[in-house]
Amino acid sequence: MRIRRAEAADVDGMIASYESVAAEGRFIGGELPIDEAAVRARWLERMNDPTEALFVAEADGAIVGMAGVRGTEIADLGMHVIEGWRGRGVGSGLLRAVIDWARAAGAHKLALQVWPHNAAAIRLYAGFGFEQEGYLRRHWRRKNGELWDAVIMGLPIPENEAPAALEEPPGSR
Ligand SMILES: CC(C)(COP(=O)(O)OP(=O)(O)OC[C@H]1O[C@@H](n2cnc3c(N)ncnc32)[C@H](O)[C@@H]1OP(=O)(O)O)[C@@H](O)C(=O)NCCC(=O)NCCS
């Protein structure tokens, strides 16, 4: 298993991986049916955007997980690992890649949302130092009409917290 930046040739495998997790209907925000053309276009765009990064986990030539991170100040992330590859360190590898990217990009914080019932994901994030910072009640509409709560988690990146040099020191006027 190898974690690396996603390339254009990975997109079909990424879509298959994403759809298999969406089909489970209880872990990620995305639900079937996925608009494949729109997702493909968005991911190809994201691969060329210096303010974002997409990572894949590849095993035996197949994509078994992926993570996306967006933003060089507050870096928002999302990720998944396909069923059958969970519990083997893939998620940890992807999350480490995302954190390293965000730190190098200068982000002062990582942020994410997770369903309250997603105990595996919450434990993964907590293991990397993420803490709960908020709780959204009856927030996201599901395709079956239900409104689901979401937990907001964050991870500060202290070495990037100092303000960038100001043109003028505050209070100088
Ligand atoms: C959450 C997810 C990404 C974790 O990936 P993974 O490859 O299974 O995680 P790892 O094997 O690297 O495990 C890392 C840690 O996660 C936690 N974890 C993983 N599976 C767990 C489970 N079934 N129950 C409780 N904790 C679990 C543990 O803290 C684990 O550390 P440990 O092995 O030292 O106990 C994966 O389960 C997944 O993709 N689930 C479906 C999609 C999803 O939930 N995405 C996140 C949306 S916010």
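Above this text sits the structure in question.
Residues numbered from 1 in each chain as written. Predicted model: local features only at pLDDT ≥ 70, side-chain atom pairs only at ≥ 80, totals over all residues. Heavy atoms only, no water.

Asks: I'd love a proper account of the packing of helix H1 (residues 11–22) against helix H2 (residues 36–47), names of residues and values included.
Replies: Running from N to C, H1 and H2 point in directions that differ by 120 degrees, and their axes come no closer than 10 Å. Classified by the angle their axes make, H1 and H2 are oblique. For the pair H1 and H2, the crossing hand works out as right-handed. Seen from H1, the contacting residues are Val11, Asp12, Met14, Ile15, Tyr18 and Glu19; seen from H2, they are Glu36, Val39, Arg40, Trp43, Leu44 and Met47. (Axes fitted to C-alpha atoms, helices over the stretch in contact; angles between N-to-C directions. Helix = DSSP H or I, 4+ residues; strand = E, 2+ residues; numbered from the N terminus. Parallel < 35°, antiparallel > 145°, perpendicular 65-115°, else oblique. Left-handed = near helix turned anticlockwise from the far one by under 90°. Contact = heavy atoms within 4.5 Å.)

Asks: Please provide a residue-by-residue account of the site of the ligand, values included.
Replies: Taken together, 21 residues sit near the ligand, with Val81, Gly87, Gly91, Ser92 and Asn118 positioned nearest. Residue Arg86 places a side-chain N or O atom 3.5 Å away from a nitrogen atom belonging to the ligand. Contact with the protein chains removes 71% of the 920 Å² of surface that the ligand exposes when unbound. Among the detected pockets, the ligand sits in the largest pocket. Top element by residues in the shell around the ligand is helix H4 (residues 119–127). It accounts for five residues. Within the shell around the ligand, the residues separate by chemical class into 11 nonpolar, seven polar and three charged. (Near = heavy atom within 4 Å. Polar contact = N/O pair within 3.5 Å; in protein donor to acceptor, adjacent residues only side chain to side chain. Areas by Shrake-Rupley, 256 points an atom, 1.4 Å probe, with all protein chains shown as cover. 1 Å grid on protein atoms, 1.4 Å probe; cavity = no way out; pocket = protein on both sides within 12 Å on 5 of 7 lines; lining within 4 Å. Sits in = over half its atoms within 2 Å of the grid points. Nonpolar A, V, L, I, M, F, W, Y, C, P; charged D, E, K, R; others polar.)

Asks: Before we move on, can you summarise the pattern of salt bridges with the specific residues and values?
Replies: A side chain of one charge can pair with a side chain of the opposite charge if their charged atoms are brought near each other. By the definition in use, this model includes 10 salt bridges. As a salt-bridge pair, Glu24 and Arg86 come within 2.6 Å of each other at their nearest N and O atoms. Taken together, the residues span a long stretch of sequence, with Glu24 in the loop between H1 and H2 and Arg86 in the loop between strand S4 (74–81) and helix H3 (90–105) at a distance of 62 residues. In this structure Arg86 comes out as partly exposed when scored by relative accessible area, which is 32%. (Salt bridge = Lys/Arg side-chain N within 4 Å of Asp/Glu carboxyl O. Buried < 20%, exposed > 50% of the residue type's maximum accessible area, 1.4 Å probe, protein only.)

Asks: Just give me the short version of the layout of surface pockets, but keep the residues and values in it.
Replies: Taken as a whole, the largest pocket spans an internal volume of roughly 1500 Å³. Lining the largest pocket are 46 residues; nearest its centre among them are Phe27, Ile28, Gly78, Met79 and Tyr125. Counting residues per element, the lining of the largest pocket draws most heavily on S4, at six residues. Its residues placed into classes, the lining of the largest pocket shows 24 nonpolar, 12 polar and 10 charged. (Points joined across faces, edges and corners; volume = space filled by probe spheres on them.)

Asks: Residue-level account of H2, with values.
Replies: Helix length check: H2, at 12 residues, gives a terminal C-alpha distance of 16 Å against a target of 16 Å (1.5 Å per residue), a fit within 8%. Here H2 has its buried residues at Val39, Trp43, Arg46 and Met47. End-on, the buried residues of H2 take up no more than an arc of 100 degrees, which puts them together on one face. Exposed side chains of H2 directed beyond 90 degrees from the buried face belong to Ala37 and Glu45. (Expected span 1.5 Å × (residues − 1). Arc of directions from axis to C-beta.)

Asks: Outline the nonpolar core, supporting the account with residue identities and numerical values.
Replies: Looking at soluble globular proteins, one finds that nonpolar side chains tend to be buried together. Counting residues in hydrophobic clusters, the biggest one holds 47 residues, and the most contacted among them are Met14, Val69, Leu77, Leu110, Tyr125 and Phe130. Among the elements that take part in this core, H3 stands out by supplying eight residues, more than any other. With near-sequence residues (within four places) excluded, Leu77 lies in contact with Gly68, Val69, Leu95, Val98, Leu110, Ala111, Leu112, Tyr125 and Phe130. (Core = buried A, V, L, I, M, F, W, Y, C linked by side-chain atoms within 4.5 Å.)

Asks: Describe in detail the environment of Glu36, supporting the description with residues and values.
Replies: Within the element layout of this structure, Glu36 appears in helix H2. On the basis of relative accessibility, which here comes to 35%, the residue Glu36 falls in the partly exposed class. Here the alpha-carbon distance between Glu36 and Lys109, two residues 73 residues apart in the chain, equals 31 Å. In this structure Glu36 touches Ile15 and Glu19, once residues within four positions along its chain are discounted.

Asks: So, the sheet that holds strand S2 (residues 52–59): which residues are in play, and what are the values?
Replies: Taken together, seven strands build an open sheet; the order of strands is S1-S2-S3-S4-S5-S7-S6 and the sheet is mixed. Of all the strands in the sheet, just strand S1 (2–5) and strand S6 (131–141) have a single pairing partner and so form its edges. Averaged over neighbouring strand pairs, the angle between their axes works out to 25 degrees when direction is ignored. Pairing of S4 with strand S5 (residues 109–114) involves three bridges; the strand directions are parallel. Residue pairing in the sheet places Ala75 in a bridge with Leu110 of S5. Packed onto the sheet, H3 meets S1, S2, strand S3 (62–70), S4, S5 and strand S7 (147–156) and runs at close to 160 degrees relative to S4. (Pairing = 2+ DSSP bridges.)

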